Amino acid sequence: GKVTDLKPQPADPGQNIITTLDLDIQHDVENLMKNKKGVILVGAAKSGEILAAVSSPDFRPDLFTGRMSENEWQNVLFHPEKPLINRFNQGLYPPGSIVKMITQSRLLQNQNFNHNEVYKCEGNYQFGDRLFGCWRESGHGDMNLSSAIINSCDIYFYKTINYYDLDMLSESFRMFGFGKITNVDILNESNGIIPSSRFMNQRYGNFGWSRGAVLNICIGQGEILVTPIQVLNFTNLLATNGSAGTPHFVMVDNLPKNVEPKLNLEIWSQIKQDMENVIIHENGTGKIANPYLKNARVFGKTGTAENPHGKDHAWFIGWISFKGELYSVVVLMENAGSGGTKAAPIAKQVFKSIHKHNSKQENL
């Protein structure tokens, strides 16, 4: 438009950019998130390309073109659902059980740990003067490490905390990129919080916290906070044995260097096998996410994250292996409840969209 105090100035064309987005998948995930609150991210796990991204609720971009009334601005700024927050790189959430594979990797690195040893889940666990519960109040019965991942049993992980300490666990989280920005090419990315003993001492004082804090953190609760873009990067790293590209929206020649978690092949294989069983096993908490597609394998993990400010958040992470490619999916439904019943069905639709549109491209 015209500005009375300035001379007319012709527009100067900027640089062309090529984005990584797949508009077909983007359109599908936007429809899936209509009238919902949360995030869906879809990525190419090997390259780090982001194929689709939704932060919901959002706002109409044309509000910011031309004149905006004071009333319109106030409605967006003070909207109770916070549409101006870019949830996938600024929103901070407890991850819940989707990070149990980090605790799993920490356990498997201990030579004294036996992953076949069975621990009984009776629904609760006494530690000191506190009683810690499992999400299944009646208990899961006898669990080894694999069945604890498949069933997402909390008590198993409580009973195995003697194989590591808080700082060892914190180191494993950071190895997978948590607690720091991913360097995604969207501004104002949050770091998140990965508690260490130093962090806990600074927050609570040297004697203001106990080893019981590790029971919360090992299942993704307590003081730990993550962003969905960190979770996408974590999923990519699991899918690629730690060799994923940095998440990005714009095609560039030189990406920032990503973290490279180092685990032996047996540990990577165990994690993947258990995550596949989360989807295909009759007791798997993510079985609702199974799209039952030919020539495709699906891996996943659900999470129900306790939220001190309201109802639980529902998570699903995973990837689909199809035609030699690995496509990662992160679903976060704010205040929706159980990951297995609320996030997993949406993930199923995302997997179907990925498969449909990539099959279509091959047939062109």
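As a reminder, the structure under discussion sits directly above these lines.
In this report, we go over the structure that sits alongside the text. Bear in mind the structure is a predicted one, so any value in this text is a computation, not a measurement.

1. Comments concerning the overall build of the protein
Move 1: Helices and strands together make up the secondary structure of the protein, namely 12 helices and 9 strands.
Move 2: Rg of the C-alpha trace for the protein: 22 Å, near the compact-globule value of 21 Å for 364 residues, within the 12% margin.
Move 3: Buried positions account for 52% of the 364 residues belonging to the protein.
Move 4: The contacts in the protein between residues at least 6 apart in sequence include a share of 69% that link residues at least 24 apart.
Move 5: Here the protein has roughly 18,300 Å² of accessible surface; of this, 48% comes from carbon and sulfur atoms.

2. A short note on the packing of helix α4 (residues 100-108) against helix α11 (residues 265-280)
Move 1: Where α4 contacts α11, the axes come no closer than 10 Å and their chain directions differ by 140 degrees. Relative to α11, α4 is oriented so that their crossing is right-handed. Here Met101, Gln104, Ser105 and Leu108 of α4 lie close against α11, whose contacting residues are Ile267, Gln270, Ile271, Asp274 and Met275.

3. Some details on the packing of aromatic side chains
Move 1: According to the stated counting rule, one finds 14 aromatic pairs in the structure shown.
Move 2: Between the aromatic rings of Phe176 and Phe234, the centroid separation amounts to 5.4 Å while the plane-to-plane angle is 90 degrees, which identifies the pairing as edge-to-face. Residue Phe176 is found in the loop between α7 (166-175) and α8 (197-204), and its partner Phe234 is found in helix α10 (residues 228-239); the two are separated by 58 residues along the sequence.
Move 3: With relative accessibility at 1%, the residue Phe176 sits in the buried group.
Move 4: When the ring of Phe176 is compared with that of Trp268, the centres are 6.1 Å apart and the planes differ by 80 degrees; the resulting orientation is edge-to-face.

4. Examining the environment of Val39
Move 1: Note that Val39 resides in strand β1 (residues 38-44).
Move 2: Its relative accessible area of 0% is what places Val39 among the buried residues.
Move 3: Residues within four places of Val39 in sequence aside, it is in contact with Met33, Val54, Arg87, Phe88, Pro228, Val330, Val331 and Leu332.

5. Structural notes on the nonpolar core
Move 1: If you look at the biggest cluster of nonpolar residues, it comprises 70 residues, and the most contacted ones within it are Tyr156 and Phe178.
Move 2: It is α10 that provides the largest number of residues to this core, a total of 7 residues.
Move 3: In contact with Tyr156, other than residues within four places in its own chain, are Leu107, Phe113, His115, Glu117, Tyr119, Met143, Asn144, Leu145 and Ala148.
Move 4: By size, the runner-up hydrophobic cluster in this structure holds 27 residues, among which are Val29, Leu51, Ile320 and Met333.

6. Quick notes on the environment of Val184
Move 1: Its place among the elements puts Val184 in the loop between α7 and α8.
Move 2: Residue classification places Val184 among the buried positions, given a relative accessible area of 7%.
Move 3: Put simply, Val184 and Val329 are 145 residues apart on the chain and 16 Å apart in space, counted from C-alpha to C-alpha.
Move 4: Filtering out sequence-adjacent residues up to four positions away, Val184 remains in contact with Ile50, Glu189, Ile229, Pro247, His248 and Phe249.

Scoring rules and cut-offs
- Residues numbered from 1 in each chain as written.
- Predicted model: local features only at pLDDT ≥ 70, side-chain atom pairs only at ≥ 80, totals over all residues.
- Heavy atoms only, no water.
- Helix = DSSP H or I, 4+ residues; strand = E, 2+ residues; numbered from the N terminus.
- Rg over C-alpha atoms; globule rule 2.2 N^0.38 Å.
- Buried < 20%, exposed > 50% of the residue type's maximum accessible area, 1.4 Å probe, protein only.
- Contact = heavy atoms within 4.5 Å.
- Areas by Shrake-Rupley, 256 points an atom, 1.4 Å probe, with all protein chains shown as cover.
- Axes fitted to C-alpha atoms, helices over the stretch in contact; angles between N-to-C directions.
- Left-handed = near helix turned anticlockwise from the far one by under 90°.
- Phe/Tyr/Trp six-rings, centres within 6.5 Å; stacked < 30°, edge-to-face > 60°.
- Core = buried A, V, L, I, M, F, W, Y, C linked by side-chain atoms within 4.5 Å.

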